[in-house]
Structure formats: C-alpha cells, structure tokens
Amino acid sequence: MTTRLLLTPDVARVVRHDGLAHSFQTLARYIADDYVRWAEFDKSARVANHSDEGVIELMPISDAALYTFKYVNGHPKNHLVGLPTVMAFGVLADVATGTPQVLSELTLSTALRTAATSALAAQHLARRDSRVMALIGNGAQAEFQALAFHHLLGITQIRLFDVDPAATDKLVRHLSRIEGLTVVRCRDTAEAVRGADIVTTVTADKRNATILTPEMVEPGMHINGVGGDCPGKTELHRGVLERASVFVEYEPQSRIEGDLQQMPADFPVTEFWRVLRGEAAGRRSAEEVTVFDSVGFALEDFATLRWLRDRALALGLGRDLALVPDMADPKDLFGELGLPAQPQGLGIATGAATPAPVIAPLAA
C-alpha cells in the first residue's frame, strides 16, 4: 500500500503540459463541480493557531467518498528571512478505509486554485464587458490572479500598485511577456482603481487596513477581496461593503476571517454556491457594485487535490511513498520495529508472583 507523493516540480509539469490557460479552466471546472454539490460535504471553518507574526491553519472537508485537509500558514514577514508568506501541503484520503491516497504540495497549487476561484466568481459577479482590472498588492499571488482573469474573463489591461516597487517590477517582468495584455504602473491605489471594471486586492500585512475606500468605488465595479483572510486582517473599508452586494464562500468562516468581520451579524451576504446552483442571483444590473469576500475555503482545496490526483495519474507524475506500513498481519504493528527475536528461556513465568520491574536510569 503506497501513497502518491506530488512535489512542486510535479505540479509545475502539469501546468507546463496542459498550458496555463487550460489549467485554470480545468481547475475552475473542478471547483465549480464541487460547489454545486455543496450539501454533500461535511463542512467546518478552518482551525487556526495565531501568533504575533502570522497564522497556521488546518482546513478539513469530506464527502461520502473522499476526505482532504490542507496545512497552510500565513506569515507576512517571511520574505525577510527568505521564505514564502504562504506554505502549504495537503492529503487526499479514502473515507471508507482512511487510506491516504495522495500527499501533495499545495503552496504553488493554492496560488492556482485561489486565482481560479477568483475568476470563477467574477464570471458570475463582474460585468460581462469587463476588460480592465486594478491589482493592488503585487506579491506572490499577483501573477496568478492577473493571468486567471486574462484567460478566463478576457481582461486586457492590468493596472498595478504595491507599496514595494520591487514587487511591481517583478510582476511587470512576468506580465509584459503575455500577448494581448497591457500592464500599467500606477502611483497609488486611487490611480490604479480609477476606471477599473474589476479591483483585486491581495495584500499580505496582518492588520486591519483600508486599501479600498468608498470614494474609490465606481458604479458597476466588481471587487475581488483576497487578502483579508484572518481575524484582525482586512483590506476594504466597511463603507465599501455597505454599498455592495457581498458574496462569500462559507459564511461561518467569512464572518470571522474576511472583510465581513467588520460588519454586524445580520449584515446580509450570499454564499457563492447558491449562485452556481441558480438559487440566488449574481450580478443583477450594470450599475451594481459586487464584492467577493474571498478567504479561501477547504472545498477549493478538495477540488484541487482531485485535479492533481487525476492529472498525476494521467501523466505518470509523482512517486510512491511508503507512508503507511504494509503488514502481512494488520494486527502486528509491533513487528514493524524489526527487533531481534527473544532468546530462548526468557519466556513469561507463570504460577509465581512476578516482581515489579526495575527501570534502570539512563547512563549520564
């Protein structure tokens, strides 16, 4: 019995083989297919352990056949010590037996699935004629967001701003190679969002921030709020939410972690699965302001692990890992230690009192 191990180069090979546009399209379809099965999932908000420097989270979910979880962190200062802000891995297991089928990196995959989810939501919440997107926050997630919107929504101009000019330099280098996409550097957030059809905020600082304020919001805008994703961390002024129709992934989690944490408990929101199932309206008019308060939900990782499993099998990627012992006798776990056989004559005495064992101290 083995578990398929998928590392970052395996995920990269999937994307290179399939192409980035097709990968986004396929991953978005996997995510949509699982969202429309919403009632079939055993769902819970993620379990988070917070520190002054960041957060470490576990994100579990299952249906009748498969269980998945993701381990993921968010440490905004990690770049100062040469580490990614976000690092993740995940497991896909068989519900019937508990057997872990796939152990996969999810750092690169989380960036892909977050962007695919953003674009999937925008297909239903943004105006269909949207062509210009402002991208506030130009760090590790930015290229994925820009290219998902380019490939899945037909965005042709990206307007960039980040407080770190080096991050914008990096993003310009990558995006300038993309045919049919114009990149515009802006001096501040206000300049970037002016005239934009879609605004994506994907900043990293763990604090209550107001990246986007009400006077910046224009009629018909769709706002894709990605960076506000844990308690005490926001990007949108509450006035932006007050004038918008707000959509979320999983309401119990979003009220704790999203920009929604600023609002009263009775502030109305719509879970996105209802839009995909046709149970609730998405965008209702050209003038409506919409917000997707995206914090990331375990169902998206469930879909991503299914996608990775299927592509790895099709392409022969990954390697088998002896994560669980393969035992001739499933009840003989002790035998896996491989200890030498007990010498003859040292059996268990019977019929007489057995003295209490003496545990000798370890040598100094």
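This one's a predicted model, so the numbers in the text were calculated from it and none came from an experiment. (Residues numbered from 1 in each chain as written. Predicted model: local features only at pLDDT ≥ 70, side-chain atom pairs only at ≥ 80, totals over all residues. Heavy atoms only, no water.)

## Focus on a negative patch on the surface
Then comes step 1: A surface patch of like charges, here negative, comprises Asp326, Asp329, Asp332 and Glu336.
Then comes step 2: When you line up the elements, glutamate 336 lands in the segment after strand S17 (319-321).
Then comes step 3: Take glutamate 336: its relative accessible area is 43%, and that puts it in the partly exposed class. (Patch = residues over 30% accessible without salt bridge, like charges linked within 9 Å, V, L, I, M, F, W, Y side chains within 5 Å. Areas by Shrake-Rupley, 256 points an atom, 1.4 Å probe, with all protein chains shown as cover. Salt bridge = Lys/Arg side-chain N within 4 Å of Asp/Glu carboxyl O. Lys, Arg positive; Asp, Glu negative; His and termini not counted. Charge placed at Lys NZ, Arg CZ, Asp CG, Glu CD. Helix = DSSP H or I, 4+ residues; strand = E, 2+ residues; numbered from the N terminus. Buried < 20%, exposed > 50% of the residue type's maximum accessible area, 1.4 Å probe, protein only.)

## A closer look at the sheet that holds strand S16 (residues 290-293)
Then comes step 1: Strands sit in the order S9-S8-S7-S10-S12-S16-S14-S15 across an open sheet of 8 strands; the sheet is parallel. Where the open sheet ends on each side, the last strands, each with one partner, are strand S9 (182-185) and strand S15 (270-271).
Then comes step 2: Of the pairings in the sheet, the one linking strand S7 (residues 132-136) to strand S8 (residues 157-161) comprises 5 bridges and is parallel in character. When the sheet's bridge partners are listed, methionine 133 is paired in S8 with isoleucine 158.
Then comes step 3: With respect to the sheet, helix H3 (residues 107-125) is in contact with strand S12 (222-225), strand S14 (245-248) and S16, its orientation differing from that of S16 by roughly 155°. (Pairing = 2+ DSSP bridges. Contact = heavy atoms within 4.5 Å. Axes fitted to C-alpha atoms, helices over the stretch in contact; angles between N-to-C directions.)

## Overview of the packing of helix H2 (residues 20-35) against H3
Angle between the axes and distance between the axes: these two values describe a pair of packed helices.
Then comes step 1: Between H2 and H3, the shortest axis-to-axis distance is 9 Å and the interhelical angle comes to 75°. Compared by their axis directions, H2 and H3 come out roughly perpendicular. Where H2 abuts H3, its residues Leu20, Phe24, Leu27, Ala28, Ile31 and Ala32 lie against Leu112, Arg113, Ala115, Ala116, Thr117 and Leu120.
Then comes step 2: Across the contact of H2 with H3, the residue classes break down as 10 nonpolar, 1 polar and 1 charged. (Parallel < 35°, antiparallel > 145°, perpendicular 65-115°, else oblique. Nonpolar A, V, L, I, M, F, W, Y, C, P; charged D, E, K, R; others polar.)

## Regarding the packing of aromatic side chains
Then comes step 1: Applying the stated criterion across every chain, the model contains 10 aromatic pairs.
Then comes step 2: Pairing tyrosine 35 with tryptophan 38 gives two aromatic rings, centres 5.8 Å apart and planes at 10°, and the pair type is stacked.
Then comes step 3: The buried category is assigned to tyrosine 35, whose relative accessible area is 0%.
Then comes step 4: Under the relative-accessibility criterion, tryptophan 38 is labelled buried at 6%.
Then comes step 5: Taking 5.8 Å as the distance between ring centres and 55° as the angle between the ring planes, the aromatic pair formed by phenylalanine 272 and phenylalanine 292 counts as tilted. Linking phenylalanine 272 in helix H9 (residues 272-276) with phenylalanine 292 in strand S16, this pair joins segments that are 20 residues apart in sequence. Exposure class is identical for phenylalanine 272 and phenylalanine 292. Each is buried.
Then comes step 6: Here the aromatic cluster, defined as three or more aromatic residues joined through ring pairs, consists of Tyr35, Trp38, Tyr250, Phe272, Trp273, Phe292 and Phe297. (Phe/Tyr/Trp six-rings, centres within 6.5 Å; stacked < 30°, edge-to-face > 60°.)

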